[in-house]
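# Fold and contact review
Now for the letters of each chain:
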Amino acid sequence: MAMPALRPGRALRPLLSLQARSLLYGLGFRGGRGRARLLGAAALVVLLAGMAVAYMWVLGGGMVAVGAAEAIPALAALAGSLAAVALVFVKAPGTVFGCRDYDLVAALPVSVRAVVLARTVPLYGFGVALSVLLSAPLYAAYFLAAPVSPPAVVAAALCSACAPLAPAAVATLASLALTSVAVRFRHAGAVQLVLSVLVMTGVVGSLALGGASSGADDAAALAAMGDVAGALSAAVASAVCEGSVAGFAAFAALSLALPALVTGALAARYPHANAVATSGPQRRAHAVAAPRSAASPLRALAVKELRRIGSMPFYAMNSCAGLILMVVAAGAVALFVADALLASGVINGVQLDARAVAALRVQVDAALPWVFGFCGAMSLTAAPSVSLESRASWLMLTAPVGAWTVLGSKLLANLVLGGVAVAASAVALLAGGTGPLLVLQCVVTAGGMLTGFAALALAIDASRPNLSWTTPAEVVKRGLPMMVGALGGALASLGLGLLSATAVGSLGPATSVAINLAAPAACALVGLAALRAVARRGLPGPGWGE
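### Some words on the overall build of the chain
Each helix and strand in the chain was counted, giving 22 helices and zero strands. Looking at the chain as a whole, 47% of its 546 residues are labelled buried. Within the chain, residue pairs in contact and separated by at least 24 positions form 84% of the contacts whose partners lie at least 6 positions apart.

As structure tokens, then:
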């Protein structure tokens, strides 16, 4: 006799609670680990959030200082939307679809709609939290310079909460489509990375070039871009700046209706969507390759690491999302010429004179390299690589090579992927007319932060590996090395970026350039020193990590 299905509301609460606790577990809040560790994880999250708030406050204050305060509401909506889209692209595979525990969830006496809601609502909620975190300091700077009225404050708060919903819903469908295509290939992770870069770069390029055929008329190109990309931002700006009830109603209706439609569509086809997202490539017979000259142990092990990354879409997307954002950021900088953008009036009609553009451009040039440093520090395929050996760890322990070769191959694979993204970003920046010195700062910052924090995370994983995991998510998303590396890298990038932007105003551009070149090199040296110290101790014998 089949069990009766629970009422939707009664079934949804425990599922939502489970997803929320899983999110807290991923952030380091784990029961049974001691109060000191919980307080440390909470302090790290609070510190990282504080750095983000400080950075956005400085950005908002700089826009007010140069007379671009009217563009802040549109920028706040855009920042929240981009943060939510990045979150969905990373977390949706394995959380909303492609779930390995689908057979257990499907056996529960709950409706499919309740399961889909429990999977998607935490993503939307986390996106809303990120949007509010990034928008609040921008709106605070805006209301210090603009007339404050209760309706405008209420509209700003509601727009901050609604801004990421529609983009996150569209990103969920896009991520499902990319995953469904990628899993059909042998190296699904590599295919998904390439497809994600192409899609995001194509969107940016189409928005920039959709209305212009040449670079002679920058204002026309930027105006066309604003017509396409700024529709929702314009509605937010009209609601906050002008108190437009109609603009806010249209924005809120779209922000709420689109997630509801996407959730309904997923619920209707959820078993099929999950099956497609978890299906593997078709098995085909491959001819035996002709013997080649023997490769060096370091190269052979690095190729093995690259193949593992390419065969695991979940691992690739969680560990390489920063590399995708790096290339997209470089394309955006190359296509959206900053001087023309600031002077064109596209951003909510705000037009700046040459002096104000030059002053703001100095701040942008000081902080821009740390955007690439942030992306590099978030792309740590080496962080869980030792733990991912799992039952095959005995092969690593008994390999006739030194510990430095084993660990160095894992770091080298990470640097190869990062080097490709850094090189593509440098080419895009140079093609877009960015100065060679600024491109050099971006390259050094991205490479230094990637090297330093990948080596540090790998050293932690080699010292305390988790070889008894049951699902890869335990080490890829919630492992201590990934938490320390990614959060530490993000915190360092935000802090050093803020330091560089502050130094350029008080001490001059030369000081900012020195910070942008010296700080990443120091991070790389510290990380390599930590990894070298672990390698000198050697890989332990049987029972390591137990």
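### Points about the nonpolar core
L48, L134, Y139, Y142 and F143 are the most contacted members of the largest nonpolar core, which has 31 residues in total. Those elements giving two or more residues to this core turn out to be α2 (35-65), α3 (72-91), α5 (112-145), α6 (150-162) and α21 (480-506). Those residues in contact with L134 that lie beyond four places of it in its chain are A52, M56, A79 and A83.

### What to know about a nonpolar patch on the surface
A grouping of L298, L412, V416 and V420 is seen on the molecular surface, where their side chains present a nonpolar patch of about 300 Å² in accessible area. A per-element tally of the nonpolar patch places helix α18 (residues 403-431) first, with three residues. Residue position: V416 is located in helix α18. Of the residues examined, V416 reaches a relative accessible area of 38% and is grouped as partly exposed.

### Considering the packing of aromatic side chains
Under the defined criterion, the tally for this structure stands at two aromatic pairs. Between Y142 and F143, the ring centres sit 5.2 Å apart and the planes meet at 65°, which makes this aromatic pair edge-to-face. You'll find Y142 and F143 in the same group, each marked buried. Put simply, the rings of Y139, Y142 and F143 touch in pairs and so form one group of aromatic residues.

### Let's talk about the environment of G60
Assignment of secondary structure puts G60 in helix α2. With 75 residues separating them in the primary sequence, G60 and S135 have C-alpha atoms 9.7 Å apart. Setting aside residues up to four positions removed in sequence, G60 forms contacts with I72, L138 and A141.

### Regarding the pattern of salt bridges
In the structure shown here, the tally under the stated rule is six salt bridges. E389 is the partner of K304 in a salt bridge, and the nearest nitrogen-oxygen pair spans 2.9 Å. Of this pair, K304 sits in helix α13 (residues 297-311) while E389 sits in the loop between α16 (354-377) and α17 (393-398); the two residues are 85 residues apart in sequence, bridging distant segments of the chain. Residue E389 is classed as buried on the basis of its relative accessible area, which comes to 10%. One salt bridge connects E305 with R308, and the closest N-O pair in it is separated by 2.7 Å. Of this pair, E305 and R308 are both found in helix α13, three residues apart, which corresponds to roughly one turn of the helix. On the accessibility criterion, E305 (2% relative accessible area) is buried.

### Concerning α18
Look at α18: 42 Å from first C-alpha to last across 29 residues, which is about the 42 Å you get at 1.5 Å a residue. One or two residues past the end of α18 sits G433, with phi positive at roughly 95°.

### Structural notes on the environment of P472
Examined against the element boundaries, P472 turns out to sit in the loop between α19 (436-463) and α20 (473-476). Judged by relative accessible area, P472 falls into the partly exposed class, the value being 25%. For the pair P472 and L388, spaced 84 residues apart in the sequence, the C-alpha separation amounts to 7.2 Å.

### Structural notes on the confidence of the model for the chain
Here the chain averages 76 in pLDDT, and 73% of its residues register 70 or above. Looking across the chain, the model is least confident in helix α9 (residues 218-229), with a mean pLDDT of 40, and most confident in α19, with 93. Note that pLDDT drops below 50 for residues 207-229; the model gives that stretch 24 contacts with residues more than four away or on any other chain. This stretch, residues 542-546, has a pLDDT under 50; its non-local contacts, to residues over four places away or in other chains, come to nine contacts.

### Concerning the side chain of N414
Inspection of the secondary structure puts N414 in helix α18. The class for N414 is buried, based on a relative accessible area of 1%. Not counting the four nearest positions on each side in its chain, N414 is found in contact with S379, L380, T381, A382, L450 and A454.

### What about helix α14 (residues 313-335)?
The sharpest bend along α14 comes to roughly 55°, located at C320. In terms of burial, α14 is largely enclosed, as 19 of its 23 residues are buried.

### Some details on the packing of α19 against α21
Close contact between α19 and α21 brings their axes to 8 Å; oriented N to C, the two are set at 155°. By the criterion of interaxial angle, the relationship of α19 to α21 is roughly antiparallel. Helix-helix and strand crossings are classified by hand; for α19 and α21 the assignment is right-handed. Residues M449, F453, A457, I460 and D461 of α19 form the contact with α21, whose own contacting residues are L480, P481, V484, G485, G488, G489, A492 and S493. Among the residues making up the contact of α19 with α21, the classes are represented as eight nonpolar, four polar and one charged.

Each value, and the rule that gives it
- Residues numbered from 1 in each chain as written.
- Predicted model: local features only at pLDDT ≥ 70, side-chain atom pairs only at ≥ 80, totals over all residues.
- Heavy atoms only, no water.
- Helix = DSSP H or I, 4+ residues; strand = E, 2+ residues; numbered from the N terminus.
- Buried < 20%, exposed > 50% of the residue type's maximum accessible area, 1.4 Å probe, protein only.
- Contact = heavy atoms within 4.5 Å.
- Core = buried A, V, L, I, M, F, W, Y, C linked by side-chain atoms within 4.5 Å.
- Patch = residues over 30% accessible without salt bridge, like charges linked within 9 Å, V, L, I, M, F, W, Y side chains within 5 Å.
- Areas by Shrake-Rupley, 256 points an atom, 1.4 Å probe, with all protein chains shown as cover.
- Salt bridge = Lys/Arg side-chain N within 4 Å of Asp/Glu carboxyl O.
- Phe/Tyr/Trp six-rings, centres within 6.5 Å; stacked < 30°, edge-to-face > 60°.
- Expected span 1.5 Å × (residues − 1).
- pLDDT = per-residue confidence, 0-100.
- Bend = angle between axes of the 7 residues up to and from the residue.
- Axes fitted to C-alpha atoms, helices over the stretch in contact; angles between N-to-C directions.
- Parallel < 35°, antiparallel > 145°, perpendicular 65-115°, else oblique.
- Left-handed = near helix turned anticlockwise from the far one by under 90°.
- Nonpolar A, V, L, I, M, F, W, Y, C, P; charged D, E, K, R; others polar.

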